[in-house]
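Observations on the three-dimensional arrangement
Spelled out, the chains give:
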Amino acid sequence: MLPNKMLEENLNKKVSILLKDNTLLEGTLSGFDDYMNMVLADVEENGENTTRKVGTIVVRGSNVVRVVQK
Amino acid sequence: MLPNKMLEENLNKKVSILLKDNTLLEGTLSGFDDYMNMVLADVEENGENTTRKVGTIVVRGSNVVRVVQK
Amino acid sequence: MLPNKMLEENLNKKVSILLKDNTLLEGTLSGFDDYMNMVLADVEENGENTTRKVGTIVVRGSNVVRVVQK
Amino acid sequence: MLPNKMLEENLNKKVSILLKDNTLLEGTLSGFDDYMNMVLADVEENGENTTRKVGTIVVRGSNVVRVVQK
Amino acid sequence: MLPNKMLEENLNKKVSILLKDNTLLEGTLSGFDDYMNMVLADVEENGENTTRKVGTIVVRGSNVVRVVQK
Amino acid sequence: MLPNKMLEENLNKKVSILLKDNTLLEGTLSGFDDYMNMVLADVEENGENTTRKVGTIVVRGSNVVRVVQK
Amino acid sequence: MLPNKMLEENLNKKVSILLKDNTLLEGTLSGFDDYMNMVLADVEENGENTTRKVGTIVVRGSNVVRVVQK
């Protein structure tokens, strides 16, 4: 299964995205493109010492390390 | 919803942009292109220890981590 | 043997993937593309001090250092 | 307004450019290209501990973080 | 002699590959592509403090510093 | 004035080039290409603690921060 | 003189190549391509604390800082 196919299967589902700066974003995958730019809704952001709700986020693909199915 | 579609919905609205150097820019999204270069107006810049007003900014897309709807 | 041919031979087999952040992902290679974006199933993630099961992961190719046959 | 349109509006005007190495260049924007390579005239360069006049500079776009209207 | 020609001459021969994370991989060059992605067989991996046998490896080209003939 | 036009005006003139590793190269600009790879002649290299003459240098554009007219 | 023209003039001559990891490679330039991937023969490698002979090397262009004529 191709990576973009796998992401397609996760549309409108809960995922967690790890970024290069070690932030973990948990939310609903609303969209993505070929560069792995992503739209996440209802996001909870988990940094080293902090957790906060942040609504809808557009993530630039170059910062993405990996996407995990929840 | 594609990431650039999401950005389009935020045109002329308040967003906050996190940069790789951990600066947080809050302002009105005036424009963007496919590379996520962006134009922000009425910007307030929040660094580690400082906050200041900086008018209109062009941000090079390669520095963008994520864009949050306000 | 070309690198993508080698990856093809490992489809549905156990591999371990080393990422730039030194995380080691062990799982079944479910898919990949030309950019070395990968889908791994039944993943066990080994960080510096932690091990945990994480189901299915999409890894962005730019973070991959190397892939080892198990 | 597209980012390159915004830069065009700043041609022959004062701008300050923040680089990835934290240097701040203030000067007159004499030109730029699609990659955000830029020509700045009458530049004053502000490093961490130093300020100096440096005439005309060509900046490679990959080092640019953001451009601020003065 | 072009770099890819030189790599071609080393096919099925012993090489050592230095990676950006300072790991040294010694093994038989089984394949490579234009991006310098490589397949190495019978690999011995030499990290800062450790040596271990790791079978066959696919290395992503972006991590390669240089390849030495043995 | 486009950045490559500006560089053209500096052909066979003295420039100083700042690299990402903070080295400052002073010399005569003998040539450059679209990627900002450059040829410098009669170079004096100024590192953090050292200065030395180094004849003719080809600099890979990806290391260039900025070019200053002398 | 274009950078690749300059490299061409150095074919089969002694050069020293500085890499991003501060290693200095001295040897005979046997070949190169548009990406500045290079083949060096009869190489002497000078690291921070060590010097050693290493035969023929293929260097990935992305690691090259500059090439100096000897």
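Keep in mind that this is a model prediction, so the values were computed, not measured. Think of each chain on its own: its residues are numbered from 1, step by step along the sequence as written. Labels are handed out in written order, letters beginning with A for the chains and numbers beginning with 1 for the ligands. Only residues with pLDDT of at least 70 are given local features in this predicted model, and only at 80 or more are side-chain atom pairs given and counted; all residues enter the totals for whole chains, interfaces and linings. Only hydrogens and water are set aside when side-chain values are computed; all heavy atoms of the structure are taken into account.

1. Considerations on the overall build of chain A
Formally: Secondary structure elements are taken from DSSP: a helix is a run of H or I of four residues or more, a strand is a run of E of two residues or more, and numbering for both begins at the N terminus. Values of the radius of gyration come from C-alpha atoms, whereas the globule rule sets the reference at 2.2 Å times the count of residues to the power 0.38. A simple rule labels every residue: compare its accessible area, found with a 1.4 Å probe on the protein chains alone, to the largest value its type can have, and call it buried under 20%, exposed over 50%, or partly exposed in between. Note on contacts: a residue pair is in contact if any heavy atoms of the two residues lie within 4.5 Å.
Assigned secondary structure in chain A consists of one helix and six strands. When the helices and strands of chain A are listed from N to C terminus, the series reads α-β-β-β-β-β-β. Here the C-alpha radius of gyration of chain A, 11 Å, is about what a compact globule of 70 residues would show, namely 11 Å. By principal-axis analysis of the C-alpha atoms, chain A measures approximately 35 × 20 × 20 Å. Relative to its 70 residues, chain A shows a buried fraction of 57%. Once local pairs closer than 6 in sequence are excluded, the contacts in chain A between residues at least 24 apart make up 35%.

2. Describing the relation of the copies chain C and chain A
To keep it simple, the criterion reads: The superposition of copies rests on a least-squares fit of C-alpha positions from residues with pLDDT of 70 or more in both.
In screw terms, the move from chain C to chain A is a rotation of 51° and a rise of 0.0 Å along the axis, fitting with an RMSD of 0.0 Å. Both copies present different contact surfaces, since only 5% of the interface residues of chain C are interface residues in chain A too.

3. Details of unusual backbone geometry
All names here are of chain C. Of note in this structure, D42 is not a glycine but carries a positive phi near 50°. Position of D42 among the secondary structure elements: in strand β3 (residues 38-46). The exposure class of D42 is exposed, given its relative accessible area of 57%.

4. Quick word on the interface of chain B and chain A
Where we set the bar: Put simply, buried area is how much 1.4 Å-probe accessible surface two parts lose in total, over both of them, once they are put together. By definition, a salt bridge exists where a carboxyl oxygen of Asp or Glu is found within 4 Å of a side-chain nitrogen of Lys or Arg.
With 17 residues of chain B in contact, the opposing surface of chain A contributes 20 residues. Around 1,400 Å² of area is buried between chain B and chain A when both sides are counted, 56% of it from carbon and sulfur atoms. Counting every contact that joins chain B to chain A gives one salt bridge. Notably, a salt bridge pairs B:R66 with A:E45, separated by 2.6 Å at the nearest N-O pair.

5. Some thoughts on the pattern of salt bridges
Applying the stated criterion to the full structure yields 28 salt bridges over all chains. Residue B:K70 pairs with B:E26 through a salt bridge whose shortest N-O separation is 3.4 Å. Placement of the pair is B:K70 in the segment after β6 (64-69) and B:E26 in strand β2 (residues 24-32), with a sequence separation of 44 residues. Using a relative accessible area of 61% as the deciding quantity, one classes B:K70 as exposed. Take B:E26: its relative accessible area is 24%, and that puts it in the partly exposed class. Between D:K53 and D:E44 there is a salt bridge whose closest N-O contact spans 3.5 Å. On the basis of relative accessibility, which here comes to 68%, the residue D:K53 falls in the exposed class. Look at D:E44 and you get partly exposed, because its relative accessible area is 26%.

6. Some details on the packing of aromatic side chains
Convention followed: Aromatic rings from Phe, Tyr and Trp, taking only the six-membered ring of Trp, are treated as a pair when their centres fall within 6.5 Å; an angle between ring planes under 30 degrees marks them as stacked, one over 60 as edge-to-face, and anything in between as tilted. Definition used: whenever NZ (Lys) or CZ (Arg) falls within 6 Å of the ring centre and also within 35 degrees of the ring normal, the charge is taken to sit over that ring.
Tallied over the entire structure, the rule returns zero aromatic pairs over all chains. The cationic tip of A:R60 hangs over the ring face of B:Y35; the distance from NZ or CZ to the ring centre is 4.8 Å.

7. Focus: the relation of the copies chain B and chain A
Least-squares fitting of chain B to chain A yields an RMSD of 0.0 Å, with the transformation described by 0.0 Å of translation along the axis and a rotation of 51°. A different interface surface on each copy is seen, since only 6% of the contact residues of chain B are contact residues in chain A too.

8. A few points about the interface of chain C and chain A
For the record, the criterion: Nitrogen and oxygen atoms within 3.5 Å of one another constitute a polar contact, given that in protein one can donate a hydrogen and the other can accept it, and given that sequence-neighbouring residues count only through two side-chain atoms. Under the grouping applied here, Gly and all other residues not named as nonpolar or charged are polar, the nonpolar ones being Ala, Val, Leu, Ile, Met, Phe, Trp, Tyr, Cys and Pro and the charged ones Asp, Glu, Lys and Arg. Any two strands with at least two DSSP-identified bridges between them are counted as paired.
Contacts between chain C and chain A engage 20 residues on the former and 17 residues on the latter. Counting every contact that joins chain C to chain A gives one salt bridge. Taken together, chain C and chain A are joined by nine residue pairs in polar contact (both at pLDDT 80 or more). Listing elements by their share of the side of chain C that touches chain A, those giving two or more residues are β2 (24-32), β3 and β5 (57-59) of chain C. In terms of residues, the side of chain C that touches chain A owes the most to one element, β2(C), which gives four residues. Considering only residue class, the side of chain C that touches chain A consists of nine nonpolar, seven polar and four charged. Sheet analysis places strand β6 (residues 64-69) of chain A next to β5(C), joined by three bridges and oriented antiparallel. Each residue of the ladder has a partner; that of A:V67, found in β5(C), is C:V58.

9. Some words on the pairing of strand β6 (residues 64-69) of chain G
A regular strand carries its side chains on alternate faces of the sheet. All names here are of chain G. Summarising burial for β6: five of the six residues are buried, a large majority. Relative to β6, strand β1 (residues 14-19) runs antiparallel, the two sharing five bridges. Residue pairing across strands places L19 opposite V64, the latter belonging to β6.

10. Remarks on the arrangement of the chains
As for chain D relative to chain A, no contact occurs, and the smallest C-alpha gap between them is 15 Å. You won't find any contact between chain A and chain E; their C-alpha atoms come no closer than 15 Å.

11. Examining the side chain of G:E45
Structurally, G:E45 is set in strand β3 (residues 38-46). Here the side chain of G:E45 touches E:R66 through a polar contact of 2.7 Å, side chain to side chain. In contact with G:E45, other than residues within four places in its own chain, are E:R66, G:T23, G:L24, G:L25, G:T50, G:T51, G:R52 and G:V54.

12. Observations concerning the environment of C:E44
Residues and elements named next belong to chain C. With respect to the element layout, E44 can be found in strand β3. For the pair E44 and T56, spaced twelve residues apart in sequence, the C-alpha separation works out to 9.6 Å. For E44, the contacting residues outside a window of four places in its chain are L24, L25, E26, T51, R52 and K53. In terms of polar contacts, E44 uses its side chain to reach the side chain of K53, at 3.5 Å.

13. As for the confidence of the model for chain A
Spelled out, the test is: Each residue carries a pLDDT score, the predictor's own confidence in it, on a scale running from 0 to 100.
The pLDDT averaged across chain A works out to 95; a share of 100% of its residues lies at or above 70. When mean pLDDT is taken per element in chain A, strand β5 (residues 57-59) of chain A scores highest with 98 and strand β4 (residues 51-53) of chain A scores lowest with 91.

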